[in-house]
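Listed below are the residues making up each chain.
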Amino acid sequence: VGADLAAQAEAAAGPGTVVSGCHYLADVGRIAIRNSAGLEVSFRFSRASVHLTCGVREGMQAGAYSSACHGYAGGDLDPRALGAQVSSLAKARSQARRAGGERGPLVLSPGAAAQLSALCTPMAGGSPGESPGGSDAVGSQAVTLLDDPRLPSGYGSTPFDGEGVATKTCAFVEMGVRTARAHTCASGAAAGCPSTGHAVRPDFAFPPRLGFHNLHLAPTPGAPRDLVREVREGLYLVEFGDVSPRTPARGFSGWGFRIRGGELAEPLVWDMPGMTLGEMLLRLKAVGQDLATYPGGVGGATCLFDSVAVS
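The following refers to the structure shown.

Considering the sheet that holds strand S2 (residues 40-56)
Ordered in space as S1-S2-S3, the three strands form an open sheet in which the pairing is antiparallel. The sheet terminates laterally at strand S1 (17-34) and strand S3 (64-71), the two strands that pair on one side only. Taking each pair of neighbouring strands and ignoring which way they run, the sheet shows an average axis angle of 20°. For S2 and S3, the ladder comprises eight bridges, and the chain directions are antiparallel. By the bridge assignment for S3, Gly55 is matched with Ala64.

Structure below.
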């Protein structure tokens, strides 16, 4: 099954691209957790994914583009659509030109929004006062950051965390104001509050640590179904450059497309010099309904930001 799905993804990539990696992963099993307090739980799980990486032989920009599709089983996956998407984006990335100094609305793809969610993990799991600017105000009223561990088809969905604590939806930022903090049993005991179900284990042999399941920016009420058409003229970011929640960004970079007449036009690369995470969250206007989840406990949907300056 895995070989067939991988072959379908490669075939759909088509001419002009080089498939440098195609992997099928499938897991089916049962997780059992027993802790020192006598709590014992178990549940079954299944997960399947195809991951594809394509490069282009010739182009202005070196490098490749990767993406994946996920489901509960192999039959849930659409490897042909994945192959066509990755191939198309790899070609666009290789042809991207440097954007000139300009200013306009910015739209983030679900994948880029998931990268943004990963940058927000410190404000969801950190101590009070660790928010941008040293206060509990972290963004515009469109910013609601939540983790939904029981999201249907969510990559990180689970009924219990790594300590056997039942999971539930938790909102850490509501309408731009930080309202809660994630806890494991250990961090909760130190803070005098219960666990929020955010203990994760990289492997059964490792002790639990603080982590997230499907952390994302919640959809905003009344958001247009198609944010690209709503913008008409602006920029569409497919992928941020190297960013990490451990090193707060002071200036973002990335690549994507110019939006012209409500459609994606020529591919571009650009920098947003001096743009901080806090400043970006203050510019958030709308979050769409097309949520996608990814490995690492994060998810993202198409996001619209107020005018930003790029170079």
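Let's pick the thread back up.
Observations concerning the packing of helix H1 (residues 2-13) against helix H2 (residues 79-94)
Two elements in contact, H1 and H2, have axes whose closest approach is 7 Å; the angle formed by their N-to-C orientations is 40°. As H1 packs across H2, the resulting crossing turns out to be right-handed. Judged by residue contacts, Leu5, Gln8, Ala9, Ala12 and Ala13 of H1 engage Pro79, Arg80, Gly83, Ala84 and Ser87 from H2. Across the contact of H1 with H2, the residue classes break down as six nonpolar, three polar and one charged.

Quick word on the pattern of salt bridges
Enumeration over the complete set of coordinates arrives at nine salt bridges. Here Arg98 ties to Asp271 by a salt bridge, and the two come within 3.1 Å at their closest N and O atoms. With a gap of 173 residues between them, Arg98 in strand S4 (residues 97-98) and Asp271 in strand S14 (residues 263-276) connect regions that are remote in the sequence. Where Asp306 meets Lys285, a salt bridge forms, and the shortest distance between an N and an O atom there is 3.8 Å. Note that Asp306 is positioned in strand S18 (residues 303-310) and Lys285 in strand S15 (residues 284-287), a separation of 21 residues in sequence. Using a relative accessible area of 35% as the deciding quantity, one classes Asp306 as partly exposed. A single salt-bridge network, built from bridges that share partners, covers Glu102, Arg258, Arg260 and Glu266.

A few points about H1
Here H1 contains twelve residues, and its C-alpha end-to-end distance of 17 Å stays within 8% of the 16 Å for a straight helix at 1.5 Å per residue. Among all positions of H1, only Gly2, Leu5, Ala6, Ala9 and Ala13 are buried. All buried residues of H1 project into a common sector of 100° when viewed along the axis, lining one side. Exposed and facing more than 90 degrees away from the buried side of H1 are Ala3 and Ala11. Where H1 is buried, its residues touch S1, S2 and H2.

Details of H2
Under the 1.5 Å per step criterion, the end-to-end length of H2 is 22 Å for 16 residues, consistent within 8% with the ideal 22 Å. Three or more residues of H2 are buried, namely Pro79, Leu82, Gly83, Val86, Ser87, Leu89, Ala90, Ala92 and Ser94.

Notes on the nonpolar core
If you look at the biggest cluster of nonpolar residues, it comprises 39 residues, and the most contacted ones within it are Leu106, Leu108, Leu116, Phe240, Trp270, Met272 and Met280. With 31 residues, the next largest nonpolar core counts Ala6, Ala13, Cys22 and Tyr236 among its residues.

Some remarks on the state of the cysteines
Using the criterion set out here, one finds zero disulfides in the structure. There is no disulfide at Cys120, and the cysteine sulfur nearest it, in Cys303, is 9.7 Å away. The buried category is assigned to Cys120, whose relative accessible area is 2%. Take Cys170: it sits in no disulfide, and the sulfur closest to it among the cysteines is that of Cys193, at 11 Å. Owing to a relative accessible area of 10%, Cys170 belongs among the buried residues under this scheme.

What counts and what doesn't
- Residues numbered from 1 in each chain as written.
- Predicted model: local features only at pLDDT ≥ 70, side-chain atom pairs only at ≥ 80, totals over all residues.
- Heavy atoms only, no water.
- Pairing = 2+ DSSP bridges.
- Helix = DSSP H or I, 4+ residues; strand = E, 2+ residues; numbered from the N terminus.
- Axes fitted to C-alpha atoms, helices over the stretch in contact; angles between N-to-C directions.
- Left-handed = near helix turned anticlockwise from the far one by under 90°.
- Contact = heavy atoms within 4.5 Å.
- Nonpolar A, V, L, I, M, F, W, Y, C, P; charged D, E, K, R; others polar.
- Salt bridge = Lys/Arg side-chain N within 4 Å of Asp/Glu carboxyl O.
- Buried < 20%, exposed > 50% of the residue type's maximum accessible area, 1.4 Å probe, protein only.
- Expected span 1.5 Å × (residues − 1).
- Arc of directions from axis to C-beta.
- Core = buried A, V, L, I, M, F, W, Y, C linked by side-chain atoms within 4.5 Å.
- Disulfide = S-S within 2.5 Å.

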